[in-house]
Amino acid sequence: PFNAVGRRTTSNVPSQSLILMNDPFVLGQADLWAKRLRGQTSDSETRVRSLYKAAFARSPSPVEVEASLGFLASQAKLHNVPEDHDLPWRDLVHAVINAKEFIFLN
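Keep in mind that what you see is a predicted model, and the values were worked out from it rather than measured.

Caption draft 1: Just the confidence of the model for the chain, in detail. When pLDDT is averaged across the chain, the result is 86; 80% of the residues are at 70 or more. Across the chain, the element-wise mean pLDDT spans from 67 in helix H1 (residues 14–22) up to 97 in helix H4 (residues 62–79).

Dropping the structure here:
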């Protein structure tokens, strides 16, 4: 940490992934992002598109939209809440935050 280097070496340690999965700050940010998405529109597909634009700077493919909507439905069932509830949306945002495309810059 005390040496200057021109380029950072590629590394990936389990603690990085565990922090993104379990850290209260990351979960809190996912919750805030989900609430902001829910406040923008009531249309789930539009929310998913907005999430992908903000997270990945691109539109989702039709398969990604379908998978996201399916994930929302399964998480709503898991939490025993409506699909439009904060919990499924928080879970989707948290999954996006943990996606390699979100974590690594090309």
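Caption draft 2: Quick peek at the packing of aromatic side chains. Taken as a whole and judged by the stated rule, the model has two aromatic pairs. Look at Tyr52 and Phe56: their rings are 5.2 Å apart centre to centre, the planes differ by 70°, and that puts the pair in the edge-to-face class. Remark: Phe56 and Tyr52 occur in helix H3 (residues 44–56); sequence separation between them is four residues, near one turn of the helix. The class for Phe56 is buried, based on a relative accessible area of 13%.

Caption draft 3: A look at a nonpolar patch on the surface. Residues Phe102, Ile103 and Phe104 make up a contiguous nonpolar surface patch of roughly 250 Å² in combined accessible area. Note that Phe102 resides in helix H6 (residues 100–103). In this structure Phe102 comes out as partly exposed when scored by relative accessible area, which is 33%.

Caption draft 4: Region of the structure containing the packing of helix H2 (residues 24–40) against H3. Put simply, H2 and H3 touch, their axes get as near as 10 Å, and they point 130° apart. Classed by the angle they form, the pair H2 and H3 counts as oblique. Classified by chirality, the crossing of H3 by H2 is right-handed. Judged by residue contacts, Trp33, Leu37, Arg38 and Gln40 of H2 engage Arg47, Ser50, Leu51, Ala54 and Ala55 from H3. Split into classes, the residues belonging to the contact of H2 with H3 amount to five nonpolar, two polar and two charged.

Each value, and the rule that gives it
- Residues numbered from 1 in each chain as written.
- Predicted model: local features only at pLDDT ≥ 70, side-chain atom pairs only at ≥ 80, totals over all residues.
- Heavy atoms only, no water.
- pLDDT = per-residue confidence, 0-100.
- Helix = DSSP H or I, 4+ residues; strand = E, 2+ residues; numbered from the N terminus.
- Phe/Tyr/Trp six-rings, centres within 6.5 Å; stacked < 30°, edge-to-face > 60°.
- Buried < 20%, exposed > 50% of the residue type's maximum accessible area, 1.4 Å probe, protein only.
- Patch = residues over 30% accessible without salt bridge, like charges linked within 9 Å, V, L, I, M, F, W, Y side chains within 5 Å.
- Areas by Shrake-Rupley, 256 points an atom, 1.4 Å probe, with all protein chains shown as cover.
- Salt bridge = Lys/Arg side-chain N within 4 Å of Asp/Glu carboxyl O.
- Axes fitted to C-alpha atoms, helices over the stretch in contact; angles between N-to-C directions.
- Parallel < 35°, antiparallel > 145°, perpendicular 65-115°, else oblique.
- Left-handed = near helix turned anticlockwise from the far one by under 90°.
- Contact = heavy atoms within 4.5 Å.
- Nonpolar A, V, L, I, M, F, W, Y, C, P; charged D, E, K, R; others polar.

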